[in-house]
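# Structural features, examined
As a plain string of letters, each chain reads:
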Amino acid sequence: MLKYKILEYIRARNRYLKLFLSLDHNILSRIKAPSNPAPISTSSIMETVRDTLSAEEWDLLKQYVIDGASHRQIASKLGITVQASQKRLERIRKKLEDVLPDY
């Protein structure tokens, strides 16, 4: 969920930037304010995530979210079952929901 919030923010920011940088003189009439005017600081979010999670938890989350590994790949790499990988990720998500409730 956090990954999608960050991607959504980046896409919206890029859309507005492209519109702003275009040479069209009617640009201001077409620009809509973003639904969430408060900017998301991805660096502070990542810092919070790293501070909250243990090294093992961070590694599992990174493999699943950033590297796109499946639970089967993670399980074989860590020497655990697929169900254990799923349960660990579930616990990680719960932990992050408690620390970052808005994301």
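Preceding block: the structure.
Structure report, in brief. (Residues numbered from 1 in each chain as written. Predicted model: local features only at pLDDT ≥ 70, side-chain atom pairs only at ≥ 80, totals over all residues. Heavy atoms only, no water.)

Let us look at the packing of helix H5 (residues 71-78) against helix H6 (residues 82-99). Running from N to C, H5 and H6 point in directions that differ by 105°, and their axes come no closer than 8 Å. Comparing their axes, H6 and H5 come out roughly perpendicular. Listed contacts from H6 to His-71, Arg-72, Ile-74, Ala-75 and Leu-78 of H5 are Val-82, Ser-85, Gln-86, Arg-88 and Leu-89. Among the residues forming the contact of H5 with H6, the class breakdown is five nonpolar, three polar and two charged. (Axes fitted to C-alpha atoms, helices over the stretch in contact; angles between N-to-C directions. Helix = DSSP H or I, 4+ residues; strand = E, 2+ residues; numbered from the N terminus. Parallel < 35°, antiparallel > 145°, perpendicular 65-115°, else oblique. Contact = heavy atoms within 4.5 Å. Nonpolar A, V, L, I, M, F, W, Y, C, P; charged D, E, K, R; others polar.)

Let us look at H6. Structural remark: α-helix, 3.6 residues per turn; residues separated by three or four positions point the same way. Between the first and last C-alpha of H6 there are 26 Å, a value that for 18 residues agrees with the 26 Å anticipated at 1.5 Å per step. Buried within H6 we find Ser-85, Leu-89, Ile-92 and Leu-96. Taken end-on, H6 shows its buried residues confined to a sector of 60°, consistent with a single buried face. The outward face of H6, more than 90 degrees from its buried face, is lined by the exposed residues Gln-83 and Asp-98. (Expected span 1.5 Å × (residues − 1). Buried < 20%, exposed > 50% of the residue type's maximum accessible area, 1.4 Å probe, protein only. Arc of directions from axis to C-beta.)

Moving on, we get to H5. Within the sequence span of H5, burial applies to His-71, Ile-74 and Ala-75. The arc enclosing the buried residues of H5, seen along the axis, measures out at 100°, which places them on a common side. Seen from the buried face of H5, the exposed residues on the opposite side, beyond 90 degrees, are Arg-72, Ser-76 and Lys-77. Elements in contact with the buried residues of H5: helix H4 (55-66) and H6. Remark: Gly-79 follows H5 within two positions and exhibits a positive phi of approximately 75°.

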